[in-house]
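Chain by chain, the residues run as shown.
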Amino acid sequence: MIDCHYLEPTSVSEACTLLAEHGDGAKVVAGGQSMAILLRNGLSQPSHLISIQHVTGLEDINASNEGVTIGAKVTLNRLSGIGETHPTLRALDDVVSDVADQQIRNFATLGGAICEAHPASDITVALSALHATVKLAGANGERTVPICDFVTGAFATAAGPGELLTEVVVPSFDLASAAAAHRRFALRAGDYPVVGVGAFVSLDGSGNCEDVRVVIGNCSGAPAHAQEAEARLRGNSIVGNNGALAEAGELAAAHVSPADDPMAPSEYKIDLVSVLTREALEEAIARATA
Amino acid sequence: MAVVGTSTKRIDGIEKVTGTAEFTTDIVLPRMIHAKLKRSPYAHAKILGIDTSKAEQMPGVRAVITAADLPDVRLGVLTLDEHLLAHDKTRLVGEPVAAVAADTPEIARAACEQIEVQYEELPPLFDPEEAIRLDPPVVLHEEYEEYEKLLEIADMDERPPNLWQAYRIRHGDMDAAFKKAEDEGGHVIENRYATGYVHTACMEPHGAVAQWSSDGSLTLWAGGQSPYIARDGLAKALDLSPSKVRVIVPFVGGAFGGKLTVKEGAIAAALARKARRPVKIILTRAEDLSATAARTPFIFDIKDAVTKDGILIGRKVTSILWGGGYSGEGILKPIFSTHLYPGSYRLAALWVDSYGVYTNRVSGGALRGYGCAESAWAVETQMDIIARKCDIDAVELRINNLLTEGERTAITMPAHAFSAHECLTKCADAIEWGTPSESLESPWYRGKGIALGNKYSFAPTASSTELKVHEDASCELRTSAVDLGQGAYTILTQIVADEFGIEIDQVKLVTPDTAITPFDHVAGSSRQTFHTGNATRMACDDAKSQIRTLAAPKLEADPDDLDVSGGRIFVKGSPEQSIEVEDLFVVEMLAGKRPADVEVIGKATWEVTASPHDPNTGQGEEPMAYMGHGAQAAEVEVNVETGQVRIRKFVSAIDVGKAMNPQGVEMQNYGGGCMGIGIALHEDMCFDANGEMTNASLMDYKIPSIVEMPLNEYMESIIVEVPHQHGPYGAKGAGEIVVVPTSPAIGNAIYDAIGVRIWDQPLTPEKVLKAWKEKKASGNGSG
Ligand SMILES: Cc1cc2nc3c(=O)[nH]c(=O)nc-3n(C[C@H](O)[C@H](O)[C@H](O)COP(=O)(O)OP(=O)(O)OC[C@H]3O[C@@H](n4cnc5c(N)ncnc54)[C@H](O)[C@@H]3O)c2cc1C
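All residue numbers refer to position in the chain's written sequence, counted from 1. To label them, take the chains in the order written and letter them from A, then take the ligands in the order written and number them from 1. Thresholds applied to this predicted model are a pLDDT of at least 70 for local features of residues and 80 or more for the giving and counting of side-chain atom pairs; totals over whole chains, interfaces and linings are not thresholded and use all residues. To get the side-chain values, take all heavy atoms of the structure and skip hydrogens and water.

The next point concerns the domain arrangement of chain A. Residue and element names in this part refer to chain A. Each domain's limits were defined by an automated method or a database of domain assignments. Along its sequence, chain A is organised into domain 1 (5-51), domain 2 (61-171) and domain 3 (179-288). In this structure, domain 1 and domain 2 have C-alpha centres spaced 19 Å apart. The contact criterion used is simple: two residues touch if any of their non-hydrogen atoms lie within 4.5 Å. Taken together, the contacts link ten residues of domain 1 with twelve residues of domain 2. By convention in these notes, a salt bridge is any Lys or Arg side-chain nitrogen within 4 Å of a carboxyl oxygen on Asp or Glu. At the surface where domain 1 touches domain 2, the tally comes to zero salt bridges. Nitrogen and oxygen atoms within 3.5 Å of one another constitute a polar contact, given that in protein one can donate a hydrogen and the other can accept it, and given that sequence-neighbouring residues count only through two side-chain atoms. Run the count over domain 1 and domain 2 and you get one residue pair in polar contact (both at pLDDT 80 or more).

Looking now at the nonpolar core. All names here are of chain B. Side-chain atoms within 4.5 Å are what join buried Ala, Val, Leu, Ile, Met, Phe, Trp, Tyr and Cys residues into a set we call a nonpolar core. Remark: exposure states derive from per-residue accessible area (1.4 Å probe, protein chains only) relative to the maximum for the residue type, with buried under 20%, exposed over 50%, and partly exposed in between. One finds V636, L681, I746, I750 and I754 to be the most contacted residues of the largest nonpolar core, which totals 132 residues. A run of DSSP states H or I qualifies as a helix once it reaches four residues; a run of E qualifies as a strand once it reaches two. Both are numbered from the N-terminal end. When residues of this core are assigned to their parent elements, the largest contribution, eleven residues, is made by helix α11 (residues 372-390). Ignoring sequence-local partners within four residues, the contact set of L681 consists of V645, I647, I746, I750, P762, L763 and T764. Core analysis: the second largest hydrophobic core is formed by 85 residues, V4, A21, A222 and M660 among them.

All names here are of chain B. Comment: axis = line fitted to C-alpha atoms, over the contacting stretch for helices; angle = value between 0 and 180 degrees taken between N-to-C directions. Direction vectors running N to C along helix α12 (residues 394-401) and helix α13 (residues 420-430) enclose 170 degrees, while the axes themselves pass 10 Å from each other. In terms of orientation, α12 and α13 fall into the roughly antiparallel class. Mapping the contact onto sequence places V395, R398 and I399 in α12 and H421, L424, T425 and A428 in α13. Class assignment for the residues of the contact of α12 with α13 results in four nonpolar, two polar and one charged. By definition in this entry, angles of less than 35 degrees are roughly parallel, angles greater than 145 are roughly antiparallel, angles of 65 to 115 are roughly perpendicular, and the rest are oblique. Each residue is assigned to one of three groups, with Ala, Val, Leu, Ile, Met, Phe, Trp, Tyr, Cys and Pro labelled nonpolar, Asp, Glu, Lys and Arg labelled charged, and all others, Gly among them, labelled polar.

With that out of the way, let us pick up the site of the ligand. If a single non-hydrogen atom of a residue is within 4 Å of a molecule or strand, that residue counts as near it. Taken together, 34 residues sit near the ligand, with V28(A), A30(A), G31(A), S34(A) and T109(A) positioned nearest. Residues close to the ligand are split across chains A and B. In the environment of the ligand, an oxygen atom lies 2.7 Å from a nitrogen or oxygen atom belonging to the backbone of M35(A). Surface exposure here means Shrake-Rupley accessible area, sampled with a 1.4 Å probe, where a residue is shielded only by the protein chains that are shown. Protein coverage of the free-state accessible area of the ligand, which is 970 Å², stands at 93%. Counting residues per element, the ones that place at least two in the shell around the ligand are β2 (26-29), α2 (35-40), α6 (102-107), α7 (110-116), α8 (122-129) and β10 (164-171) of chain A. Here the shell around the ligand gets five residues from one element, more than from any other, and that element is α7(A).

Residue and element names in this part refer to chain B. Here the structure, examined in full by the defined rule, presents 67 salt bridges over all chains. In this structure, E407 engages R346 in a salt bridge whose closest nitrogen and oxygen atoms are separated by 2.6 Å. You can see E407 sitting in the loop between α12 and α13 and its partner R346 sitting in the loop between α10 (340-344) and β15 (350-357), a full 61 residues away along the chain. Residue E407 is classed as buried on the basis of its relative accessible area of 18%. Several salt bridges converge on common partners, so that one network encompasses E438, R446, E635, E637, R646 and R648.

Next up on the list: the side chain of S344(B). Note that S344(B) resides in helix α10. With residues near it in sequence (within four places) discarded, S344(B) still touches N401(B), L402(B), L403(B), F418(B), L452(B), G453(B) and N454(B).

This paragraph deals with the domain arrangement of chain B. All names here are of chain B. Under the domain assignment used here, chain B contains domain 1 (13-122 + 206-282), domain 2 (371-457 + 624-778) and domain 3 (461-608). Between the C-alpha centres of domain 2 and domain 3 there is a distance of 40 Å. When two components associate, each loses some accessible surface as probed by a 1.4 Å sphere; the sum of these losses over both components is called the buried area. Both faces considered, domain 2 and domain 3 share a buried interface measuring about 1400 Å² in area, 56% of it formed by carbon and sulfur atoms. When the buried area of domain 2 at its contact with domain 3 is split by residue, M660, P728 and Y729 rank highest and sum to 39% of it. Applying the counting criterion to the domain 2 and domain 3 interface returns zero salt bridges. For the pair domain 2 and domain 3, the number of links is seven residue pairs in polar contact (both at pLDDT 80 or more). For the side of domain 2 that touches domain 3, the secondary-structure elements that each account for two or more residues are β16 (444-458) and β26 (624-639). Ranked by the residues each element gives to the side of domain 2 that touches domain 3, the list is headed by β16, at three residues. By residue class, the composition of the side of domain 2 that touches domain 3 is seven nonpolar, eight polar and three charged.

A few words now on the interface of chain B and chain A. Counting from both sides, the interface comprises 23 residues of chain B and, opposite them, 17 residues of chain A. Taking both sides of the interface into account, the surface hidden between chain B and chain A amounts to around 1800 Å²; carbon and sulfur atoms contribute 61%. Broken down residue by residue, the surface that chain B buries against chain A is led by E641(B), K702(B) and E766(B), which jointly contribute 28%. Our count for the contact surface shared by chain B and chain A stands at three salt bridges. A salt bridge links K702(B) to D191(A); its shortest N-O distance comes to 3.0 Å. Across the side of chain B that touches chain A, the residue classes tally to nine nonpolar, six polar and eight charged.

Attention shifts here to the sheet that holds strand β13 (residues 298-306) of chain B. Residues and elements named next belong to chain B. The rule for pairing is simple: two strands pair if DSSP sees at least two bridges between them. One open sheet accounts for five strands, arranged β7-β15-β14-β13-β8; its pairing is mixed. The two strands at the open ends of the sheet, each matched to only one other strand, are β7 (163-171) and β8 (187-194). For this sheet, the mean angle separating the axes of adjacent strands, direction not counted, is 5 degrees. In terms of strand pairing, β13 meets strand β14 (residues 312-322) through nine bridges, oriented antiparallel. Pairing of K303 across the sheet is with K316, part of β14. Of the strands in this sheet, β8, β13 and β14 are in contact with α11, which crosses β8 at around 145 degrees.

Attention shifts here to unusual backbone geometry. Residues and elements named next belong to chain B. P443 follows S442 through a cis peptide bond whose omega is 5 degrees. With respect to the element layout, P443 can be found in the loop between α13 and β16. For the bond from Q761 to P762, the omega torsion is -10 degrees, close enough to zero to count as cis. Tracing the chain through its elements places P762 in the loop between α17 (742-754) and α18 (765-778).

All names here are of chain B. Taken in spatial order, the four strands line up as β16-β26-β27-β28 in an open sheet, and their pairing is mixed. A single partner strand is all that each edge strand has here, and the edge strands are β16 and β28 (715-720). Pairs of neighbouring strands in the sheet enclose a mean axial angle of 15 degrees, with direction left out of account. In the packing of helix α16 (residues 662-681) onto the sheet, the strands contacted are β27 (645-655) and β28, and the crossing angle to β28 comes to about 125 degrees.

Mapped onto the secondary structure, T764(B) falls in the loop between α17 and α18. For T764(B), the contacting residues outside a window of four places in its chain are M263(A) and L681(B).

Moving on, we get to the packing of aromatic side chains. All names here are of chain B. Stacked, edge-to-face and tilted are the three classes for Phe, Tyr and Trp ring pairs, Trp counted by its six-membered ring, which pair at centre distances within 6.5 Å; planes under 30 degrees apart are stacked, over 60 edge-to-face, the rest tilted. Applying the stated rule across the entire model yields 18 aromatic pairs over all chains. Ring plane angle 55 degrees and centroid distance 6.3 Å describe the contact between W164 and Y358, whose orientation is recorded as tilted. Remark: Y358 occurs in the loop between β15 and α11 and W164 occurs in strand β7; sequence separation between them is 194 residues. Each of the two residues, W164 as well as Y358, counts as buried. A connected cluster of aromatic rings, assembled from ring pairs, spans Y144, Y147, W164 and Y358. Whether a charge sits over a ring comes down to the Lys NZ or Arg CZ being within 6 Å of the ring centre and within 35 degrees of the ring normal. Stacked on the ring of F126, the Lys or Arg R361 has its end atom at 5.4 Å from the ring centre. For K544, the ring lying beneath its charged end belongs to F500, and the centroid distance is 5.8 Å.

This part is about the pairing of strand β18 (residues 475-479) of chain B. All names here are of chain B. Within β18, five of the five residues are buried, which leaves it mostly tucked inside the rest of the structure. Residues C475, L477 and T479 of β18 are buried on one face, and the alternating residues E476 and R478, pointing to the opposite face, are buried as well. Both strand β17 (residues 461-469) and β18 contribute to a ladder of five bridges, which runs antiparallel. From the neighbouring strand, T465 faces β18, where its bridge partner is T479. The turn joining β17 and β18, which pair antiparallel and follow one another in sequence, is formed by five residues; a positive phi near 70 degrees is taken by A473. In this structure, β18 lies alongside strand β19 (residues 507-510), joined through four bridges in parallel fashion. In the sheet register, R478 faces β19, and the bridge partner there is V510.

Below is the structure:
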């Protein structure tokens, strides 16, 4: 049994006030899927749990010219199939149905998935490849942070004391010449991946790579850009150029130094980075040229 | 209508599905408190002192115990080497050193943290090959020679100080076999195999509830595999007469060999005695996975002599069981694992040296297959290698080497109900053996593999049952056989219904309670259908004979001319001359009905006495109760970029003598297949350099999910029925054989797909990929 206060604010501002009031001892709980594990293992010992279950206004998905805005409380199951209604979110759609299982996804929220900051998080990797930003609300107002800067390390975020993640914005891009994809490898269905890779590509008029992002999960504390792989591709011909994609994969692998997991030694993760980088790029290019 | 042989509904099904079935954790007693254990953080350490004063002063704490509060007795299955709570030394991470009972589990846990134990760390020993040296770097049990031992081990010039088991098979002229193979153009094939650390990881963790009565007797509720083993263990640990101990077994959420003894139950009982309150203990998942007995690894060195035509003429095996801090329930494994070698194939020479050693890791226990699933990994991979070397089809090679019915095996005992041929060929047909797998698009490759297996059921052993007949002709079976989920209660109910010609709803089971139900050895070694089944039939016979005697005067017939069926007693051949069972009962003033004569309670004991094992030769006329056979085949898909292995198709063909409940057998085939697939590909307990398990959660200990299993239509169960002369209705057990051939079938399929061998389980993607890369680098295969 966990001995702490359980508070249930009904608005973002009330939640922020409570967070500020109770300082370091206060922790947000959304769907509770990661929080319950942290509490059980004693890794989080809050004095106050601030449940955002009854906070309104965090459950919408809206599209505008700038992009798609997703409320922090949108559950992963609601995001399953999201690529069909909002094609710029296909890379996110690639991962949501692989997270845990149906029961967990019924409760797990997008905000929770990001704020957990698990080094193997697929969600963060996919959103990083999509250049998403997160909006934080606090006692002193709102601020917007790129997701790459928000997740700062294993189980660590840039959220300040009293700040609540309220929404995620995935910027628009031209679907006729750009796309993203995510590929992962897990030992078992429902497991966090051994490695996950998100890729975004945009092509210029002649099919060369205009922009590219390759983001690697579970090889460092926070998802990391494979800069050498990106540099190998940027400005070069990549459509149908399997050699270049394989090279990018090898470059990405050459520049990670993951820690050993009990069931997946570092060496194995490095092998997977190479394969998954190539596969994610292949898929992104296939989508951009479809 | 015959009930045995039909797929009747499971009698525990509705209770389990609706959640009304009561498990140990559901038991709540008045004034009950909760126990937690203080465990050693060190793999090997001297205990210099334990200070429990802070814990004792905490509000809500009712009792704290250490070894000093317990009788100074060593416990064990056959080598008594373990104290209930660590005495002067701890020999594995997680060994209990103290225990607390408190008003809530949280208080008990907090109090455990307040117990101060002073340790002097000793160097740990983890490597079994170092452990077995005559001059090992570390000795775990300095006082081994003084321990009480109930079993003789093989003679040795000098016992390595960490060795607790040695067993040999000596049959035929081994040197001559190797010489013949070399001289006559045959092959000598030598390889090393290893198995991994596997846990039973039952849905229900270990637990117990203990309560003392004012007369100094103890009642313990615990979901174990044997109430009588538990009773005797508790009596010994707490220095009580066994008659003072009552063990009740509620529903059990899986056991698979992991719940043979009730160590935590005995600790709860000691706490309950001190606190004068009932005590419940339920292990956490992490404790269950890291600190209860596991299937610890084996190392096998196998050297085979084979003629150029693929006939095995000699097999030499040396194996070491990587035991833990205590010999525990693993004590017989180095012996029983050797039963596999002579069980299937004709071997002119068979020499086996099998050992068990102490190391500072989790103690070795039982897990479905008890040693044979491990030795099959080595043997059946070896058979595949031999087939390829001799360029003979792997099924044909096996068939050419099979024993025949009645033939003496390499350990003397003759082969009986020898169904290996039928299992193998049916399995081969189902996987379309001989038709190569389809080629897939890169990076995927497909391949097929097959393996044979056998599983002994141990002896000596016995089962007793009682069968009471009520005035409404319903029958009540009293048994200490345990339903662990395998369906024992259903099978026994079917037997009674069948013997009395009544519906299964008219059979009631009185489940294990040592105050009421008679002795049954254990729900283990695939023995309950066979032994308890026989005892149940005999008890039915006894009750029916009592009924015939009671009915004879009423029917004016000789008892031998009477038959009992469907609640009636009738004269054989003229069923119209009959009375109801009810007619045997008389109305008693104020007391309902009683039998006219005495109670009708049938009683029987079924016993199998074995010839003793000779630990120096392994020879014996009948060293086991029976031997079961089975074969499995897999078609796998291997990704050579990630090393991932998918089971596309899986076939399990097992011989059960007589399928008492065909659907039950099918479930064993599927469930066992799934477990075997998990052991082959996924499950692995990992340890850090200090000997602590690093993946003690179900998130990190990889039991496969349904997604990792083949699709329904690609999972095939085949039931073979070759009756055993002593089996009830000819039946043999099904519970263990279903995991024996699984790993080698899959390993052989991986070789067929991509030409690499992985020698040590589990066959993880990482190992597959590594082997593939090595093969590519060296430009050839490695098998
Ligand atoms: C068995 C299992 C397998 C999983 N596998 C994967 C996987 O393969 N890939 C993957 O990407 N993820 C995986 N996950 C993680 C899953 O995505 C998260 O558990 C889930 O999304 C968390 O959401 P939640 O709403 O339950 O968050 P909670 O558990 O409630 O909270 C998680 C953390 O985020 C904080 N938090 C939550 N919401 C906010 C907010 N709005 N503002 C600020 N802080 C907040 C909490 O304080 C807490 O620290 C897995 C989880 C489980 C349990």
